[in-house]
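Results of the structural survey
One letter stands for each residue in the lines below.
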Number of protein chains: 2
Amino acid sequence: MEYTTSGLSTLDRFTRANLINSLSGFKSVSLIATVDKGGRTNLAIFSNIVHLGADPALVGFVNRPREAAPHTIANIEATGVYTINHIHADILEQSHQTSAKYPEGVSEFDAVGLEAEFPDGVIVPYVRQSRIKYRLRLKEIIPITHNGTWFVIGEIEHLVFPQEIQAEDGFLRIEEAGSLASLGIDGYYSASPIARLPYAKYRP
Amino acid sequence: MEYTTSGLSTLDRFTRANLINSLSGFKSVSLIATVDKGGRTNLAIFSNIVHLGADPALVGFVNRPREAAPHTIANIEATGVYTINHIHADILEQSHQTSAKYPEGVSEFDAVGLEAEFPDGVIVPYVRQSRIKYRLRLKEIIPITHNGTWFVIGEIEHLVFPQEIQAEDGFLRIEEAGSLASLGIDGYYSASPIARLPYAKYRP
């Protein structure tokens, strides 16, 4: 099957969204927790999370246009901190449910039945049920002018994971903690290791 | 296990890179093919690819600092077009091998044994062996000043996939074409579907 730009434009909006969103491949899917200035919590599922570098430890994510998804980005601007929490199968339905539109004043933590935990007194919570999670401090928000989205960049300042999933060289076997991947708008996947390959060298 | 910023700074460079790079979760891994102004091909494996939006159909990827990875970004700037090609297990070793440093003038296509195909006369090739692939036109290159990386944004103008993997609603079951995910610097994974979940609604 083949599409060009003009072929894509003939697709209805939902078909096009499903196709384009799955074309770019498997994604990291996680819950982003934030608080507003008054400490009211917000929790939302995000799948466009990308590693930017290890030193400094930078992670970026894409926030949809503010009209569609105002709270996470506004809270991050207000407080400068947020957490990213991996999802496993036992909390998948609750995690997906955070994408519903809740009224002002309703925290998704309460609405979906996940618990906020504040392990070290920082204002922004982790998701207690999540097994791999990290806290970031905002570095920069870059507007993507072509479609009104935002690329939010933060530096990791705290992280938690089950010790038994870490290899000697630092690598985390996140599948052993049940961490999921996503595909498209609404597809969720488990992952199985095939290989870790050695550093590639030129072979004349 | 728990780390803070100060704990991370005590790790050796490789352990830190493996840890931080796997923390952000499963990634889309693909081959990016480019050409220079003279039509000389280049092929490189990238794993930080992110969906930005379906209409316009925008995809971003992170290019490492130019000193470390000069060719892909320079070719994209020169020609404005590039292709992203999914990887399956049969071409995993060749795909990983593209990350080696080849001398000027050596095309990774020839060096690793993958074939360039030019299905519609456009200057930039697809990887013939890849089953899901798409061509983009450069929209913008955004510098990430915090670590010297680059966020490259393109619009999809052509795409190819096996018809039998497409659901009626447009979604691509890319696992049926064997598309892989990656984790960290050197981990490769296959993925198995758990669920597609319905659009989440507020339930008072």
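The paragraphs below set out a description of the structure included in this document. (Residues numbered from 1 in each chain as written. Chains lettered and ligands numbered in written order. Predicted model: local features only at pLDDT ≥ 70, side-chain atom pairs only at ≥ 80, totals over all residues.)

**What about the sheet that holds strand β2 (residues 27–28) of chain A?**
- The 6 strands lie next to each other as β2(A)-β12(A)-β13(A)-β13(B)-β12(B)-β2(B), forming an open sheet whose pairing is antiparallel. The sheet terminates laterally at β2 of chain A together with β2 (27–28) of chain B, the two strands that pair on one side only.
- Taken together, the 2 bridges between β2(B) and strand β12 (residues 181–183) of chain B define a ladder with antiparallel strand orientation. Bridging from a neighbouring strand, B:S28 pairs with B:A181 of β12(B). (Pairing = 2+ DSSP bridges. Helix = DSSP H or I, 4+ residues; strand = E, 2+ residues; numbered from the N terminus.)

**A look at the pairing of strand β6 (residues 57–63) of chain B**
All names here are of chain B.
- With 7 of its 7 residues buried, β6 lies for the most part within the structure.
- Of the two faces of β6, the one holding A57, V59, F61 and N63 and the one holding L58, G60 and V62 are both buried throughout.
- Connecting strand β5 (residues 49–54) to the next strand, β6, in antiparallel fashion are 2 residues.
- Bridging between β6 and strand β11 (residues 149–160) involves 6 bridges; their strand directions are antiparallel. Across the sheet, V59 pairs through a bridge with G154, a residue of β11. (Buried ≥ 20, exposed ≤ 12 C-beta atoms within 10 Å, placed from the backbone.)

**Regarding the interface of chain A and chain B**
- At the interface, 89 residues of chain A touch 89 residues of chain B.
- Per-class residue counts for the side of chain A that touches chain B are 48 nonpolar, 29 polar and 12 charged.
- Pairing of strand β1 (residues 2–4) of chain A with β11(B) involves 3 bridges; the strand directions are antiparallel. Within β11(B), the position partnered with A:Y3 by the bridge is B:L159. (Contact = placed C-beta atoms within 7 Å. Nonpolar A, V, L, I, M, F, W, Y, C, P; charged D, E, K, R; others polar.)

**So, helix α3 (residues 70–79) of chain A**
Residues and elements named next belong to chain A.
- T72, I73, N75 and I76 are the residues of α3 that are buried. Taken around the axis of α3, the buried residues stretch over an arc of 160 degrees, which confines them to a single face.
- Along its buried surface, α3 packs onto β3 (30–35), β4 (41–46), β6 (57–63), β7 (81–86), β10 (133–144) and β11 (149–160). (Arc of directions from axis to C-beta.)

**Things to note about helix α3 (residues 70–79) of chain B**
- Buried residues along α3(B) sit in contact with β3 (30–35), β4 (41–46), β6, β7 (81–86), β10 (133–144) and β11 of chain B.
- One or two positions beyond α3(B), positive phi appears at B:G80, with a value near 80 degrees.

**Points about the nonpolar core**
- Counting residues in hydrophobic clusters, the biggest one holds 116 residues, and the most contacted among them are A:A33, A:A181, A:Y189, B:A33, B:A181 and B:Y189.
- The contacts of A:A181, once residues within four sequence positions are left out, are A:F26, A:K27, A:S28, A:V29, A:Y189, A:A191, B:F26, B:A181 and B:A191. (Core = buried A, V, L, I, M, F, W, Y, C linked by C-beta atoms within 7 Å.)

**Regarding the environment of A:A89**
- Note that A:A89 resides in the loop between β7 and α4 (92–97).
- By the C-beta count within 10 Å, which is 13 here, A:A89 ends up partly exposed.
- The spacing of A:A89 and A:P56 is 33 residues in sequence and 31 Å in space, taken between C-alpha atoms.
- For A:A89, the residues in contact, after removing those within four places along its chain, are A:G178, A:L180 and B:I194.

**Here we look at the environment of B:V127**
All names here are of chain B.
- Note on placement: V127 falls in strand β9 (residues 126–127).
- V127 sits in the buried class, given 26 other C-beta atoms within 10 Å.
- It is 8.9 Å that separates the C-alpha atoms of V127 and I32, two residues lying 95 residues apart in sequence.
- Beyond its immediate chain neighbours, meaning those up to four positions away, V127 contacts L31, A33, N85, L114 and K133.

**Focus: the relation of the copies chain A and chain B**
- Superposition of chain A onto chain B requires a rotation of 180 degrees combined with a translation of 0.0 Å along the rotation axis, giving an RMSD of 0.0 Å. Both copies are brought into coincidence by an operation consistent with a two-fold rotation axis. Rotation axis and chain A: the residue whose C-alpha lies nearest the axis is A:A191, separated from it by 2.2 Å.
- A shared binding surface is used by both copies, with 100% of the interface residues of chain A retained as interface residues in chain B. (Least-squares fit on C-alpha atoms with pLDDT ≥ 70 in both.)

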